[in-house]
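# Fold and contact review
Each chain, written out:
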Amino acid sequence: RIMPIIAPSILAADFSNLIKDIEMVNQSEAEWFHLDVMDGVFVPNISYGMPVIKAIDDHTDKVMDVHLMIVQPERYIKDFKEVGADVLTVHYEACTHLHRTIQAIKDEGMKAGVALNPHTPVHLLEDIIHDLDLLLIMSVNPGFGGQKFIQNTYEKITQAKNLIERKNASTLIEIDGGVGLGNAAQLSQLGADVLVAGSSVFQSNDPMGTISELLRS
Ligand code: DX5
Ligand code: ZN
């Protein structure tokens, strides 16, 4: 059985004592850091940007998984590379020239991901899936941590898995929103490779233990 990659979302961390949560993740079995960038336009919330990402990158060797919930993300590809992004994910709904944006991310030496809102069907990626290192399926409406997992996501994982196999692609499937001990096992059984976990990790009494449990669930 293949264990998923756990990507704690720092959005749920204690921003007044960020170093404590960074060090917790460093010592944990999580392989990735998930970093949510929100612009108040694409989503109804504003989170944090480049300086915070750079500060985290300066204190970790984990993979920096940057999830852009911003309009026209192509404007900032270089900037996110400079602050340490290893994987850069843009939203399907925010890109008119998605193919060009994906190539630009790869040209900077980063892995390229596309995120789908809950209402966006997987089949729209038919002609780009072979170029994607990552397919992020939103299992809540983007903008906030701590929301309820949308059940239709299970079916989308199966559709994504089928599309990736049919096109002979090596795209990783990442699930983001409402992931916790109650659904992690089913998500990885269906084919999720990366599980983002915000509140389920940082609001637990034992965040490091929860990361290990998510990994083995
Ligand atoms: C939501 C973000 C998520 C969020 C997940 O817009 O993309 O990454 O931080 O938080 P939880 O795990 O609490 O749903
Ligand atoms: Zn996210």
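Conventions adopted
Residues numbered from 1 in each chain as written. Chains lettered and ligands numbered in written order. Predicted model: local features only at pLDDT ≥ 70, side-chain atom pairs only at ≥ 80, totals over all residues. Core = buried A, V, L, I, M, F, W, Y, C linked by C-beta atoms within 7 Å. Buried ≥ 20, exposed ≤ 12 C-beta atoms within 10 Å, placed from the backbone. Contact = placed C-beta atoms within 7 Å. Near = placed C-beta within 6 Å. Helix = DSSP H or I, 4+ residues; strand = E, 2+ residues; numbered from the N terminus. Pairing = 2+ DSSP bridges. Right-handed = clockwise from strand over helix to strand, strands pointing away. UniProt positions renumbered as here; feature names shortened; annotations may be inferred. Axes fitted to C-alpha atoms, helices over the stretch in contact; angles between N-to-C directions. pLDDT = per-residue confidence, 0-100.

## Some remarks on the nonpolar core
Counting residues in hydrophobic clusters, the biggest one holds 67 residues, and the most contacted among them are Ala7, Val66, Leu88, Leu135 and Leu195. Discounting chain neighbours no more than four positions away, the residues touching alanine 7 are Ala30, Trp32, Phe33, His34, Asp65, Val194, Leu195 and Val196.

## Some remarks on the site of ligand 1
Lining the immediate environment of ligand 1, one finds 22 residues, of which Ser9, Pro142, Gly145, Gly198 and Ser199 sit closest. Of all the secondary-structure elements, those providing two or more residues to the shell around ligand 1 are strand E2 (32–38), strand E8 (194–197) and helix H7 (199–202).

## A word on the pairing of strand E4 (residues 87–91)
Side-chain positions along a regular strand alternate between the two faces of the sheet. With 5 of 5 residues buried, E4 lies mostly within the body of the structure. Side chains of E4 alternate between two faces, with Val87, Thr89 and His91 and Leu88 and Val90 buried alike. Pairing of strand E3 (residues 63–69) with E4 involves 3 bridges; the strand directions are parallel. Bridge pairing in E4 places valine 66 opposite leucine 88. Crossover connection from E3 via helix H3 (residues 77–82) to parallel E4: handedness right-handed.

## Considerations on the UniProt feature "active site" (unreviewed entry) in the protein chain
Mapped onto this structure's residue numbering, the UniProt feature "active site" (unreviewed entry) falls at Asp36 and Asp176. Annotated residues spanning 141 residues; largest pairwise C-alpha distance 10.5 Å, indicating a single compact cluster. Mapped onto the secondary structure, aspartate 36 falls in strand E2. C-beta crowding within 10 Å serves as the criterion here: with 24 such atoms nearby, aspartate 36 is assigned to the buried category. The contacts of aspartate 36, once residues within four sequence positions are left out, are Ser9, Leu11, Ser47, His67 and Met69. Mapped onto the elements, aspartate 176 comes out in strand E7 (residues 172–176). Given 25 C-beta atoms within 10 Å, aspartate 176 falls into the buried group. If we skip the residues at most four places from it in the chain, aspartate 176 touches His67, Leu136, Met138, Ser139 and Val196.

## Some thoughts on the sheet that holds E7
Strand pairing in a sheet takes place through backbone hydrogen bonds and is either antiparallel or parallel in direction. Pairing is parallel across the open sheet formed by 8 strands, whose spatial order is E1-E8-E7-E6-E5-E4-E3-E2. The strands lining the two open edges of the sheet, one partner per strand, are strand E1 (5–8) and E2. In this sheet, neighbouring strand axes are inclined to one another by 25° on average, regardless of whether the strands run parallel or antiparallel. Of the strands in this sheet, strand E6 (134–138) and E7 touch helix H5 (residues 153–166), which is tilted by about 160° from E6.

## Re the confidence of the model for the protein chain
For the protein chain, the average pLDDT comes to 98, and 100% of its residues sit at 70 or higher. Of the two predicted TM-score estimates for the complex, the pTM is 0.98 and the ipTM is 0.99.

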